[in-house]
Amino acid sequence: MSYLKWDLKQWFTNPKNSVIYIVFLLVTLFYALRIAPSYAPVERIDPAEIEARYNDSVAFIERIESNTDATYMQALSNLPQVKKQSIIDRKRLDALAAKDYRSYAVATAEWYNTNTMGPYKPEYYTGGNIFSDKEGFFAYIQTAKRYEGYTNLNMTITPEILEERTALQTLQRLLSSGLLVFLLLIVLVLSADTVLRDRTHKTVLGGFPLTSLKQLFAKGITIVIGATTLWVLMIPALLIIGFQQGFGSLAFKLMAYSYGPSGFGVYDTISLGRFFTYIALYWLSWLFLLILLSFVISLVFKSEFLILLSGILLFVSRTYFINGTVLKPIYAYSPLSYVDPANIITGATNYLVSTDLLSAWKGLVVISLTNLLLLFVVWLLTRRTKPLVMQGH
C-alpha cells in the first residue's frame, strides 16, 4: 500500500503528466464551449429544405394530373411516390410549425424509410466520394431507426435530441469518431515511463520489500487510476453541454447493423446504455492490454521509445477498414481490428467492408485472450528478472 501511494504521487506530480492533464481539460472545455454548439449534422432539422421539396412535389403533381407535361407518360410512374412524399413532408412541416417534435419524429422516420434508395443529400457526394450512395443508404436507415426509437420514449422530444446534440449523444458521436483511440494514445504517453522511472529512485524504493510482480501490480492500479482521471476530466465539458443542450437518455436507440445471409443486412437497434456498456468493457480490456504490453516492453527492451512506438499500431489498425475493402478472415482474430470498437458495436464497420466477421463480443474475447497471453509472459519475465528497483539501465 505504501508503494502504491508513492507511485500514485509520482504519477500525478510528474510534470509531463500534469501538463497533459491540464491541456486535456482545456481542450474538452474548448470543445464544449465553442465546437459542440456549432455542430451541424447532415441529417438536421431544415424547414426550408422540406418546404422547397414539398412545393416542388405539389407543382409536379399538379402538372401531371392536368396532363400538360410533355413527359407525362414517363413521369406518371413516379406520381404515387411523389404524392406519398409530399404528404409526409406536409406532416413534417405542420409538426414543426406546432413545435410538436414527437409527431415530427414519427413523420421523419417514415420519410427516411420511404427514401432509403435516394436521392441522398448533397453532403454525401462531396470530395469525389465514389461510395456516396452506399453511405447515404446506410445513413438514411440509421436515421430512420433512431427517429423511430425516439417516438417510443416517454419523454419530451426536443430538436437537440433529434439532432444528437445532448451530452450523452455528443459523447456517443465522439466515440464513433475515434475518441477511444485518442484516449488510449494519451494513456500510452502518460504511462510510458512508469516502470523505467523506478530505476532513478533506487535509494527510496529500497525500503519497499516488493517483488517485481507486486511492483507491477501496483503500477497497473496506478495506470488504471490515471487513465480513469481522463474520463473524470471530461465531466465538466459534458455538464456544460448538458446544461446547454440537455443531457439525453440512456434509453435512446442506435442502429445495430449485422451482415445477414446472402449479403442482405439486418437493421436492428440497441440502447445508448448498452452501447456505453460495451464501450466500458472495451476500454477496460484495451487498458489492461496496453498496461501488460508496456510491462513486457519495459522488462525486455527497457525502452520508453518502443512503448510509444506501439501507439502507432493503434492508428495503423484503422487503415484496415477502408470503404470497399475485402476484409481477410485472419483480421477478425487480431486485437487491432477492435481498437475503435464504437463502429463495431453499431455494425458500421461490417457495413463498410461488407462482412460478418466482426462482432462486439468477438472483439472482447480476442482482446481478453491476448491479455491472458501477455499476463503469462509478464509472469515468466518477473520470475526470471531481479526486482525492478535492482535492475540497471
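Every chain is numbered on its own, with residues counted from 1 as its sequence reads. Reporting in this predicted model follows two pLDDT cut-offs: at least 70 for local features of residues, and 80 or more for side-chain atom pairs to be given and counted; totals over whole chains, interfaces and linings ignore these cut-offs and use all residues. The basis for every side-chain value is the complete set of heavy atoms in the structure, and neither hydrogens nor water enter the calculation.

Attention now goes to the packing of helix 6 (residues 101–114) against helix 7 (residues 132–151). Two numbers describe how helix 6 lies on helix 7: the axes approach to 8 Å, and their chain directions differ by 150°. If you check the angle between helix 6 and helix 7, you find them roughly antiparallel. The element helix 6 and its partner helix 7 pack so that their crossing is left-handed. Where helix 6 abuts helix 7, its residues Arg-102, Tyr-104, Ala-105, Val-106, Thr-108, Ala-109, Trp-111, Tyr-112 and Asn-113 lie against Tyr-140, Thr-143, Ala-144, Tyr-147, Glu-148, Tyr-150 and Thr-151. Axes, fitted as lines to C-alpha atoms, cover a helix only where it is in contact. Angles between the N-to-C directions of the axes lie from 0 to 180 degrees. Think of it this way: any DSSP run of H or I at least four residues long counts as a helix, any run of E at least two long counts as a strand, and we number them from the N terminus. Each angle is binned into one of four classes, with values under 35 degrees roughly parallel, values over 145 roughly antiparallel, values of 65 to 115 roughly perpendicular, and all other values oblique. Left-handed is the label given to a crossing in which the near helix is rotated counterclockwise from the far helix by less than a right angle, and right-handed is the label when the rotation is clockwise. Note on definitions: a residue-residue contact is assigned when non-hydrogen atoms from the two residues lie within 4.5 Å.

With that settled, consider the side chain of Thr-346. Within the element layout of this structure, Thr-346 appears in the loop between helix 15 (342–345) and helix 16 (348–353). Setting aside its immediate chain neighbours within four residues, Thr-346 contacts Met-255, Ala-256, Tyr-257 and Phe-275.

In this section: the pattern of salt bridges. Each reported salt bridge corresponds to a side-chain nitrogen of Lys or Arg within 4 Å of a carboxyl oxygen of Asp or Glu. Under the criterion given, the structure shown has ten salt bridges. For Glu-43, the salt bridge is made with Lys-121, and the minimal N-O distance between the two is 3.4 Å. Residue Glu-43 is located in the loop between helix 2 (15–35) and helix 3 (47–65), and its partner Lys-121 is located in the loop between helix 6 and helix 7; the two are separated by 78 residues in the primary sequence. Burial status follows relative accessibility: with a 1.4 Å probe on protein chains alone, a residue under 20% of its type maximum counts as buried, one over 50% as exposed, and anything between as partly exposed. Taking the relative accessible area as the measure of exposure, Glu-43 reaches 7% and is therefore buried. Residue Lys-121 is classed as buried on the basis of its relative accessible area, which comes to 7%. Each of Glu-43, Glu-49, Arg-53, Asp-89, Arg-92 and Lys-121 takes part in salt bridges that share partners, so that together they form one network.

With that settled, the discussion passes to the packing of aromatic side chains. What counts as a ring pair is set by centres within 6.5 Å for rings of Phe, Tyr and Trp (its six-membered ring), and what kind of pair is set by the plane angle: stacked under 30 degrees, edge-to-face over 60, tilted for all other angles. Following the criterion strictly, the structure yields 19 aromatic pairs and no others. Centre to centre, the rings of Trp-111 and Tyr-140 are 5.8 Å apart; their planes meet at 50°, and the pair counts as tilted. One end of the pair, Trp-111, is in helix 6; the other, Tyr-140, is in helix 7, with 29 residues separating them in the sequence. The burial state of Trp-111 is the same as that of Tyr-140; both residues are buried. Ring pairs connect the aromatic residues Tyr-104, Trp-111, Tyr-112, Tyr-120, Tyr-140, Tyr-147, Tyr-150 and Phe-252, which therefore count as one cluster. Definition used: whenever NZ (Lys) or CZ (Arg) falls within 6 Å of the ring centre and also within 35 degrees of the ring normal, the charge is taken to sit over that ring. The ring of Tyr-39 carries Arg-173 above its face, with NZ or CZ at 3.6 Å from the centroid.

In summary, soluble globular proteins display a tendency toward joint burial of nonpolar side chains. Side-chain atoms within 4.5 Å link the members of a nonpolar core, which is a set of buried Ala, Val, Leu, Ile, Met, Phe, Trp, Tyr and Cys residues. By size, the foremost hydrophobic cluster in this structure holds 79 residues, and its most contacted members are Leu-162, Leu-175, Phe-275 and Trp-286. Among the elements that line this core, the one with the most residues is helix 13 (residues 272–300), at 17 residues. Apart from the residues lying within four places of it in its own chain, the contact partners of Phe-275 are Gln-172, Leu-175, Ser-176, Leu-254, Ile-270, Ala-342, Ile-345 and Thr-346. Counting residues in each nonpolar core, the second largest holds 16 residues, with Ala-139, Ile-141, Met-255 and Tyr-257 among its members.

Attention shifts here to helix 13. The span you would expect from a helix comes to 1.5 Å times its residue count less one. End to end, helix 13 covers 42 Å across 29 residues, agreeing with the expected 42 Å (1.5 Å per residue, within 8%). In terms of burial, helix 13 is largely enclosed, as 21 of its 29 residues are buried. Lys-302 lies just past helix 13 and shows a positive phi near 50°.

Moving on, we come to helix 1 (residues 2–13). In this model, helix 1 (twelve residues) spans 17 Å end to end at C-alpha, consistent with the 16 Å of a helix rising 1.5 Å per residue. Inspection of helix 1 places Tyr-3, Leu-4, Trp-6, Asp-7, Leu-8, Gln-10 and Trp-11 among the buried residues, and these make up the whole buried set.

Limitation: the analysis is restricted to geometry and does not speak to function.
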